[in-house]
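Here are the chains, one letter per residue:
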Amino acid sequence: MNSKIWLSSPHMGGTEQSYVNNAFDTNWIAPLGPHVVGFESDIQEYLNQSIHVAALSSGTAALHLGLILLNVGHGDEVICQSKTFSASANPIIYQGAIPVFVDSEKDTWNICPEQLEIAIKDRISKGKKPKAIIAVHLYGMPYKAKEIGAISKKYDIPVLEDSAEALGSSYHGEKCGTFGDIAVLSFNGNKIITTSGGGALVSKNPEIKEKAVFLATQARDKAVEYLHSSIGYNYRLSNVLAGIGRGQMEVLDDRVKARRRVYEFYKESFNDIEELKFNDDHEGFYSNRWLSCVLTPSEGIREGIRLSLEKDNIETRPLWKPMHQQPVFKDYPQYLNGISDELFEKGLCLPSGSNLTDDELNRVSSAIKTYFRA
Ligand SMILES: *Cc1c(COP(=O)(O)O)cnc(C)c1O
């Protein structure tokens, strides 16, 4: 049996272990310490000097705190891009709030500005003005930040930017993770860089960061005794894991280059297979190509390719199944145009890791070529 080729596997740079050793040597084995602070300033330096970063235990925790800090509470409505991973939507339910799902547009596969505005107007006409908009840079492709930002401003509804898949992407020269009123990053094991598990909440407002750290460390008021006037969470990132993150930040630019190279390799390899379509960067959009995706002509062909690669021990996966199709979310309000359904039917994510060897990439490409020749 050929060795397994994964969709996206961790790729250490080499210095991570020395940061981890330092955490052991200094006994900072806790959800605080110098690596946590250092990792936060590394991210800040990378994204934009004028933003503030709170390192947390996961991207999901960051989304949860983001909703709390945007004052989303019981019975409130929150708009969420339907085409995403469930972690974008779950925290809405944690808050006892109601998700309202909005479909995608064709250029970026992300939240559609027209559908978004239709949804907002309709919710307002029903007397339920949404409290927040969760927009996602799917697979690293920036959403239409200018259009979404304008709608957010027009209706005075804040954006919670889910940049879990888009660290290293940018839009008109500005880094993803700097567009929303609050943004979220993830360092889960499958993401472009990883701390094994981890995340961050990002905001231009220093008070938001301060409040996020406060809530993430059990909401302890400033007093000698343990005094609490609000409900807290245990969401801070461990100093040991932040050490891994510091090493990973050193190689982030290389990781983006390598993933973009994988995407270019597939495009080049399949340029004579008319059945396969790619989603190129439009003017001003720069994707980190966290995952390389192709669109096939039909669900049957998508499954044909997936199963034939599986036989060769190559992992691929359909694009995210939209939230409005999920058993747990299907009865919530939704504003659809058919695009995310079609993308789910036809789309396939290919192995995209920055650590794929040329041999592995050639194996994927010949397996797909063989499928179309058969
Ligand atoms: C990975 C991911 C998350 C969740 O991040 P975790 O760190 O795994 O909790 C949220 N949204 C999207 C779009 C993701 O891909």
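Residues numbered from 1 in each chain as written. Predicted model: local features only at pLDDT ≥ 70, side-chain atom pairs only at ≥ 80, totals over all residues. Heavy atoms only, no water.

Trainee: Any chance you could explain the overall build of the chain here in plain terms?
Mentor: Secondary structure summary: the chain contains 12 helices and 14 strands in total. The C-alpha extent of the chain, read off along each of the three principal axes, is 70 × 60 × 35 Å. For the chain, the residues scored as buried account for 56% of the 374 residues in total. Across the chain, contacts joining residues at least 24 apart in sequence account for 73% of those joining residues at least 6 apart. (Helix = DSSP H or I, 4+ residues; strand = E, 2+ residues; numbered from the N terminus. Buried < 20%, exposed > 50% of the residue type's maximum accessible area, 1.4 Å probe, protein only. Contact = heavy atoms within 4.5 Å.)

Trainee: Just to check I follow, could you spell out the site of the ligand for this structure?
Mentor: Surrounding the ligand, one finds 16 residues, the nearest of these being Gly-59, Thr-60, Glu-165, Ser-186 and Lys-191. Asp-162 places a side-chain nitrogen or oxygen 2.7 Å from a nitrogen atom of the ligand. One of the side-chain N or O atoms of Ser-186 is found 2.7 Å from an oxygen atom in the ligand. Burial of the ligand by the surrounding chains reaches 93%, relative to a free accessible area of 380 Å². (Near = heavy atom within 4 Å. Polar contact = N/O pair within 3.5 Å; in protein donor to acceptor, adjacent residues only side chain to side chain. Areas by Shrake-Rupley, 256 points an atom, 1.4 Å probe, with all protein chains shown as cover.)

Trainee: Which parts of the structure should I look at to understand the nonpolar core?
Mentor: Among the nonpolar cores identified, the biggest contains 68 residues, and Leu-65, Tyr-139, Leu-167 and Leu-201 are the most heavily contacted of them. With 7 residues, helix H3 (residues 59-69) is the largest single contributor of residues to this core. In this structure, this core is formed jointly by two domains, domain 1 (16-249) and domain 2 (252-373), each of which donates at least three residues. Counting residues in each nonpolar core, the second largest holds 20 residues, with Leu-116, Ala-119, Phe-285 and Tyr-335 among its members. (Core = buried A, V, L, I, M, F, W, Y, C linked by side-chain atoms within 4.5 Å. Domains from an automatic or database assignment.)

Trainee: I keep staring at the packing of helix H2 (residues 34-47) against helix H8 (residues 239-249) and nothing clicks. Help me out?
Mentor: Between two packed helices, both the angle of their axes relative to each other and the distance between the axes serve to describe the pair. At a minimum axis distance of 8 Å, the contact between H2 and H8 shows a crossing angle of 30°. For the pair H2 and H8, the sense of crossing is left-handed. On the side of H2, the interface is formed by Pro-34, His-35, Val-36, Gly-38, Phe-39, Asp-42, Ile-43 and Tyr-46, while H8 contributes Asn-239, Ala-242, Gly-243, Gly-245, Arg-246 and Met-249. When grouped by side-chain class, the residues that make up the contact of H2 with H8 number 7 nonpolar, 5 polar and 2 charged. (Axes fitted to C-alpha atoms, helices over the stretch in contact; angles between N-to-C directions. Left-handed = near helix turned anticlockwise from the far one by under 90°. Nonpolar A, V, L, I, M, F, W, Y, C, P; charged D, E, K, R; others polar.)

Trainee: Got a minute to help me understand the sheet that holds strand E7 (residues 174-175) in this structure?
Mentor: Remark on secondary structure: sheet strands pair via backbone hydrogen bonds, oriented parallel or antiparallel. As summarised here, the arrangement of the 3 strands in space is E7-E6-E10, forming an open sheet in which the pairing is antiparallel. Where the open sheet ends on each side, the last strands, each with one partner, are E7 and strand E10 (285-286). Pairing of strand E6 (residues 170-171) with E7, which is carried by 2 bridges, proceeds in the antiparallel orientation. Bridge pairing in E7 places Ser-170 opposite Lys-175. (Pairing = 2+ DSSP bridges.)

Trainee: What should I look at first to understand the side chain of Ser-203 in this one?
Mentor: Secondary-structure assignment places Ser-203 in strand E9 (residues 199-203). In contact with Ser-203, not counting residues within four places along its chain, are Ile-51, His-52, Asp-181 and Ile-208.

Trainee: Any chance you could explain the domain arrangement of the chain here in plain terms?
Mentor: Reports of interface size often rely on the accessible area that becomes lost once the parts have come together. For the chain, the assigned domains are domain 1 (16-249) and domain 2 (252-373). On the side of domain 2, 39 residues touch domain 1, which itself brings 48 residues to the contact. Both faces combined, the contact of domain 1 with domain 2 buries some 3900 Å², and carbon together with sulfur accounts for 62% of it. Our count for the contact surface shared by domain 1 and domain 2 stands at 0 salt bridges. The interface formed by domain 1 and domain 2 contains 25 residue pairs in polar contact (both at pLDDT 80 or more). Breaking the side of domain 1 that touches domain 2 down by element, the ones donating at least two residues are helix H4 (90-94), strand E3 (98-102), helix H5 (113-125), E6 and H8. (Buried area = accessible area lost by both parts, 1.4 Å probe. Salt bridge = Lys/Arg side-chain N within 4 Å of Asp/Glu carboxyl O.)

Trainee: Whenever I open this one, the pattern of salt bridges confuses me. Can you help?
Mentor: Pairs may arise between side chains of opposite charge once their charged atoms sit close together. Applying the stated criterion to the full structure yields 20 salt bridges. Residues Lys-131 and Asp-76 are paired through a salt bridge, measuring 3.1 Å at the closest nitrogen-oxygen approach. Of the two residues, Lys-131 is situated in the loop between H5 and strand E4 (132-136) and Asp-76 in the loop between H3 and strand E2 (77-81); the sequence distance between them amounts to 55 residues. Classification of Lys-131 as partly exposed rests on a relative accessible area of 29%. Between Arg-289 and Asp-281 there is a salt bridge, with its nearest N and O atoms 2.8 Å apart. Under the relative-accessibility criterion, Asp-281 is labelled partly exposed at 26%. Residues participating in the shared-partner salt-bridge network are Arg-302, Glu-303, Arg-306 and Glu-310.

Trainee: Explain H8 to me, please; I cannot follow it from the model alone.
Mentor: Side chains of residues three or four places apart in an α-helix project in the same direction, reflecting 3.6 residues per turn. Counting buried residues in H8 gives 9 out of 11 residues, a clear majority hidden from the surface. Residues of H8 that are buried include every one of Asn-239, Val-240, Ala-242, Gly-243, Ile-244, Gly-245, Gly-247, Gln-248 and Met-249, and no others. On its buried side, H8 packs onto helix H1 (16-25), H2 and helix H9 (252-269). The opening residue of H8 is Ser-238, an N-cap whose side-chain oxygen sits 3.0 Å from the backbone nitrogen of Val-240.

Trainee: Please clarify how unusual backbone geometry should be interpreted in this entry.
Mentor: Negative phi characterises most residues that are not glycine, and trans characterises most peptide bonds. Of note, Trp-109 is a non-glycine position whose phi angle comes to about 70°, a positive value. One non-glycine residue, Ala-219, adopts positive backbone phi at about 50°. Note that Ala-219 resides in the loop between helix H7 (206-216) and H8.

Trainee: Help me understand the pairing of strand E1 (residues 52-56), please; the structure alone is not making it clear to me.
Mentor: In the case of a regular strand, side chains alternate between the two sheet surfaces. Burial runs high along E1: 4 of the 5 residues are buried. Pairing of E1 with E9, which is carried by 5 bridges, proceeds in the antiparallel orientation. When the sheet's bridge partners are listed, Val-53 is paired in E9 with Val-202.

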